[in-house]
Amino acid sequence: MKKALVVGGANGIGLAIARELAQRAGMERVTVVDKAPVAPEHLLPGMESLLLDLASDDYSVLDRVTDIDTLVITAGFGKLALFRDVTEEHITTSFQVNTVAALRILKRYYPLMESRDDFYCGVMVSIAGFMSSPFFAVYGATKAALKIFIESVNVELEKAGTSNRILNVSPGSIRGTSFSKGPTNLAMITTLAREIIGHLERKDDLFIPQFETVYQHVLERYHADFRAEGRHSYDYKLERLKSE
């Protein structure tokens, strides 16, 4: 890993990953692209911040970032709400930012990914992409699309004869990020950032944080009876909304 691009790295887990990469021996440059700039106090030597609104059609700023060997896409957003309460604009923007943007960026760098040279790539998906998620129906749909895309393209990469893979990082809720509009707490998410980078280096294709302790059992319940698990998820999120 020498030159990295982190999409969505102005805050949250993306910022934590960008800062960890910037501090690694041999890292020459970490470029962060996001709708907002990286706050000056978070910029480390070797980091640069470029502006890109993933909901726009103009991705030309990426023309300035070509010689990379590491790509991490963490941008995304969700809204805890029933489907009846979301707007059509929310639906289209969710897919533009969470799904289409990732595919467009991966397409730009796919020749590097498909080559015999080492290329490290990871995309922040979500455990919501693995199961029904009431109150998160649109968000879950955007992430389910990403999940299937990554699994499909990883087979294409294997058949092309390269060892490079796209890492699907699918956590549940991560405390300390800005996903719910709160402030980023780097101290709370640095360990996870390091774990993600470790999986990138090994060219793994899937990482579900807390799998053994939490999500293995959740997925087993879901596959045993997806309707019952959906109802359980609905009740859990309803209580979460009431407590906010």
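Asker: Which parts of the structure should I look at to understand the environment of Ala101?
Answerer: With respect to the helices and strands, the residue Ala101 is situated in helix 2 (residues 88-108). Classification of Ala101 as buried rests on a relative accessible area of 1%. Along the backbone, Ala101 and Gly76 are 25 residues apart, and their C-alpha atoms lie at a distance of 9.4 Å. In contact with Ala101, other than residues within four places in its own chain, are Leu54, Tyr59 and Gln96.

Asker: Please clarify how helix 4 (residues 137-159) should be interpreted in this entry.
Answerer: An α-helix turns once per 3.6 residues; consequently, residues spaced three or four apart project the same way. Here helix 4 contains 23 residues, and its C-alpha end-to-end distance of 33 Å stays within 8% of the 33 Å for a straight helix at 1.5 Å per residue. The set of residues buried in helix 4 consists of Val138, Tyr139, Gly140, Thr142, Lys143, Leu146, Lys147, Ile150, Val153, Asn154 and Leu157. If you follow the buried residues of helix 4, they end up packed against helix 2, helix 3 (110-114), strand 5 (120-124) and strand 6 (166-169). Within two residues after helix 4, Gly161 carries a phi angle of roughly 90°, on the positive side.

Asker: What's the story with the packing of aromatic side chains in this structure? I'm lost.
Answerer: Aromatic ring pairs are reported here in terms of the distance separating the ring centres and the angle at which the planes meet. Taken as a whole, this structure holds three aromatic pairs when the rule is applied. Relative to Tyr234, the ring of Phe135 has its centre 4.9 Å away and its plane inclined at 45°; by these criteria the two rings are tilted. Placement of Phe135 in the loop between strand 5 and helix 4 and of Tyr234 in helix 7 (residues 226-243) is noted, with a sequence separation of 99 residues between them. The exposure class assigned to Phe135 is buried, which follows from its relative accessible area of 6%. Tyr234 sits in the partly exposed class, given a relative accessible area of 32%.

The rules behind these values
- Residues numbered from 1 in each chain as written.
- Predicted model: local features only at pLDDT ≥ 70, side-chain atom pairs only at ≥ 80, totals over all residues.
- Heavy atoms only, no water.
- Helix = DSSP H or I, 4+ residues; strand = E, 2+ residues; numbered from the N terminus.
- Buried < 20%, exposed > 50% of the residue type's maximum accessible area, 1.4 Å probe, protein only.
- Contact = heavy atoms within 4.5 Å.
- Expected span 1.5 Å × (residues − 1).
- Phe/Tyr/Trp six-rings, centres within 6.5 Å; stacked < 30°, edge-to-face > 60°.

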